[in-house]
Amino acid sequence: MGKYLKRKIIIYLLTFFFAVTIDWMIPRFMPGDPIRTLLARTMSRAESMELVYNYYNKVFGLDLPLWKQYANFWGSLFKGDLGISVYLFPSPVLDVIKKAVPYDILLLIPAILFSWYAGNKFGAFAARRKKLDNTVLPIWYILTATPYMWLGILLAWLFGVVLGALPIAGAYSFSISPSFTWEFIWDYLKHWFLPFLSLFMVQLGGWAIGMRNMIIYELEADYSRYLEAMGASKKLIRKYAFRNAVLPQITGLALQLGVIVAGALATEVVFSYPGIGYLILQAILNGDYFLIQGCFLFIILGVLLANFVIDIIYVIVDPRVRKGMSGETT
């Protein structure tokens, strides 16, 4: 176990290094100049703009050679300093991200976990009943093929415009300040429901199709037929089939949870929901190198952490992995 973990940690550290290097490079290959974008919002006199441009270039360290910027980036990263946001100047990037992350966690974790659980249960149930399978399979295909943005707009139009039952923008009303009061919680839940529903419905279809296909495959596998020939009950065969079929779904769940800080960009844009996805869009539009780097750094960490956790979970739930670690053969 110790050797296995040591090898995994080395692989993840190397992956982190290369991923963060690419994260640093991507904004610098983008067209546009973040300082000129910042000044364009605040200044109109060309002669003074050039002086201020040179000043801000020096403040953000963008006047240095690229190799020095790269070295400074790693030095600051080890100190926990992600720089200053150009888009929300002079707010530190870390503070900006810390304000957005809770909204994503409250929205995406319930949407992912509920859709994963419901999708696996419904998919496994429908795979054993042909009539039900023929009825719900087209619905799941439609759901999973539906773009998040399109479904979000449809739900906002139906519940917000036609029925007038739910708000369609923001995370809470402008007249309310965030606080731990029932008034704020109720207001937040009303704003939260439509983004949650759009994410839940699209992901439900994908999980259900995945589990349905895996169950059918496992029930046709040699071991299932062998158990059937030996007189094992259908309940027992289905139990083994579900345990094998759920392993790829666990991997998918871990990857989904890993990118949770990326938010759901399309959904957050439709509902003006203040999560990381909406923040990434604004950072790209404003050429904010530091905010883009910071957001993607959180995504990298989330994906690597989720993969590491799933490696550990696989050792626990899959006896074949444990045997492989100990050098046994099946």
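The rules behind these values
What you see as residue numbers is a count from 1 along each chain, following the sequence as written. Residue-level local features of this predicted model are given only where pLDDT is at least 70; pairs of side-chain atoms are given and counted only at 80 or more, and the full residue set underlies all totals for whole chains, interfaces and linings. Side-chain metrics rest on all non-hydrogen atoms present in the structure, leaving aside hydrogens and water. For this analysis, a salt bridge means a side-chain nitrogen from Lys or Arg found within 4 Å of a carboxyl oxygen belonging to Asp or Glu. A 1.4 Å probe rolled over the protein chains alone gives each residue an accessible area, and that area as a share of the maximum for its type sets the label: buried under 20%, exposed over 50%, partly exposed in between. UniProt positions are given in the numbering used here, feature names are shortened, and annotations may be inferred rather than shown by experiment. Helix and strand assignments come from DSSP, with helices taken as H or I runs of at least 4 residues and strands as E runs of at least 2, each series counted from the N terminus. The patch calculation keeps residues exceeding 30% relative accessible area without a salt bridge and links them within 9 Å when they carry like charges or within 5 Å when they are nonpolar (Val, Leu, Ile, Met, Phe, Trp, Tyr). Per-residue accessibility takes into account occlusion by the displayed protein chains alone, with areas from the Shrake-Rupley method and a 1.4 Å probe. The distinction between a cavity and a pocket rests on a 1 Å grid over the protein atoms alone: a 1.4 Å probe fits inside a cavity but cannot get out, while a pocket stays open yet meets protein on both sides within 12 Å along at least five of seven lines, and a residue with an atom within 4 Å of a point counts as lining. Grid points are joined across faces, edges and corners, and a volume is the space filled by probe spheres set on the points. The criterion used for residue contact is that any of the two residues' heavy atoms lie within 4.5 Å. Only buried residues count toward a nonpolar core. Its members are Ala, Val, Leu, Ile, Met, Phe, Trp, Tyr and Cys residues joined through side-chain atoms within 4.5 Å. For a helix, the expected span equals 1.5 Å multiplied by the number of residues minus one. The directions considered for the arc run from the helix axis to the C-beta atoms. In this analysis, axes come from line fits to C-alpha atoms, helices being fitted only over the stretch in contact, and the angle between any two N-to-C directions falls in the range 0 to 180 degrees. An angle below 35 degrees is read as roughly parallel, one above 145 as roughly antiparallel, one from 65 to 115 as roughly perpendicular, and any other as oblique. Crossings are sorted by hand: turned counterclockwise from the far helix by less than a right angle, the near helix makes the crossing left-handed, and turned clockwise it makes it right-handed. Residues are grouped as follows: Ala, Val, Leu, Ile, Met, Phe, Trp, Tyr, Cys and Pro are nonpolar; Asp, Glu, Lys and Arg are charged; every other residue, Gly included, is polar. The rule is short: rings of Phe, Tyr and Trp, with Trp giving its six-membered ring, pair when the centres are within 6.5 Å, and they are stacked under 30 degrees, edge-to-face over 60, tilted in between.

A. Main features of the pattern of salt bridges. Counted according to the given criterion, the structure contains 2 salt bridges. Close ionic contact of E220 with R225 constitutes a salt bridge, the shortest N to O distance being 2.3 Å. The class of E220 is partly exposed, set by a relative accessible area of 48%. Classification of R225 as partly exposed rests on a relative accessible area of 44%.

B. View of the UniProt feature "transmembrane region" (unreviewed entry) in the protein chain. UniProt feature "transmembrane region" (unreviewed entry): in the numbering of this structure it lies at residues 9–26, 100–118, 139–172, 192–210, 245–271 and 291–317. Along residues 192–210 one finds 100% helix and 0% strand; the C-alpha atoms at either end are 27 Å apart.

C. View of a nonpolar patch on the surface. Residues W150, L154, W157, L158, V161, V162, L163 and I168 make up a contiguous nonpolar surface patch of roughly 780 Å² in combined accessible area. Looking at the secondary structure, you find L154 in helix α7 (residues 148–162). Here L154 falls in the partly exposed class, since its relative accessible area comes to 37%.

D. Local environment of empty space enclosed by the protein. Considering all chains together, one arrives at 1 cavity of 30 Å³ or more under this definition. Of the volumes computed, that of the largest cavity is approximately 40 Å³. Lining the largest cavity, in full, are D23, F73, L82, F290, Q293, G294 and L297. Top element by residues in the lining of the largest cavity is helix α13 (residues 289–317). It accounts for 4 residues.

E. Seen up close, the environment of F114. Within the secondary structure layout, F114 lies in helix α5 (residues 93–127). Overall, the relative accessible area of 52% leaves F114 in the exposed class. In this structure, the C-alpha to C-alpha distance between F114 and Q203, residues 89 residues apart in sequence, is 9.5 Å. Apart from the residues within four sequence positions on either side, F114 is in contact with F196 and F200.

F. Structural detail: unusual backbone geometry. With a phi angle near 50°, S272 is a residue other than glycine that sits in the positive phi range. Within the secondary structure, S272 is located in the loop between α11 (265–270) and α12 (276–285).

G. Spotlight on the nonpolar core. Core analysis: the biggest nonpolar cluster contains 35 residues, and F16, V20, L77, I97, I276, L279 and L291 have the highest contact counts within it. Top element by residues in this core is α13. It accounts for 9 residues. Once residues within four sequence positions are removed from consideration, V20 is found in contact with F73, W74, L77, L297 and I300. Counting 33 residues, the second-largest nonpolar core is a separate cluster that includes I176, F196, I250 and Y273.

H. Broad picture of helix α4 (residues 66–78). With 13 residues, α4 extends 19 Å between its outermost C-alpha atoms, agreeing within 8% with the 18 Å of an ideal straight helix rising 1.5 Å per residue. Every buried residue of α4 is accounted for by Q69, F73, W74 and L77. For α4, the buried positions fall inside an angular range of 135° around the axis, keeping them on one side. Away from the buried face of α4 by more than 90 degrees, exposed residues W67 and F78 are located.

I. Layout of the packing of helix α1 (residues 2–29) against α13. Following both chains from N to C, one finds α1 and α13 inclined at 160°, their axes separated by 9 Å at the closest point. What the angle tells us is that α1 and α13 run roughly antiparallel. As for the relative orientation of α1 and α13, their crossing is right-handed in sense. Residue classes in the contact of α1 with α13 are distributed as 20 nonpolar, 3 polar and 4 charged.

J. The side chain of N120, seen in detail. Mapped onto the elements, N120 comes out in helix α5. In this structure N120 comes out as buried when scored by relative accessible area, which is 3%. In contact with N120, not counting residues within four places along its chain, are W207, M211, F242 and Q249.

K. Structural context of the environment of A171. Here A171 shows up in the loop between α7 and α8 (182–219). Judged by relative accessible area, A171 falls into the buried class, the value being 3%. Taking the C-alpha atoms as reference points, A171 and Y188, separated by 17 residues in sequence, lie 5.9 Å from one another. Contact partners of A171, with chain neighbours within four places excluded, come to Y103, Y188, H191, Y273 and P274.

L. Seen up close, the packing of aromatic side chains. Tallying each qualifying case throughout the model produces 15 aromatic pairs. Residues F16 and W74 carry aromatic rings whose centres are separated by 6.3 Å and whose planes lie at 75° to one another, so their mutual orientation is edge-to-face. Of this pair, F16 sits in helix α1 while W74 sits in helix α4; the two residues are 58 residues apart in sequence, bridging distant segments of the chain. No difference in accessibility class separates F16 from W74, as the two residues are buried. Ring centres of Y103 and Y188 lie 6.5 Å apart, and the angle between their planes is 45°; this geometry places the pair in the tilted category. In this pair, Y103 sits in helix α5 while Y188 sits in helix α8, placing the two residues 85 residues apart along the sequence. Residue Y103 shares its accessibility class with Y188, and that shared class is buried. Among the aromatic residues, those joined into a cluster by ring pairs are F16, F17, F18, W24, Y70, F73, W74 and F78.

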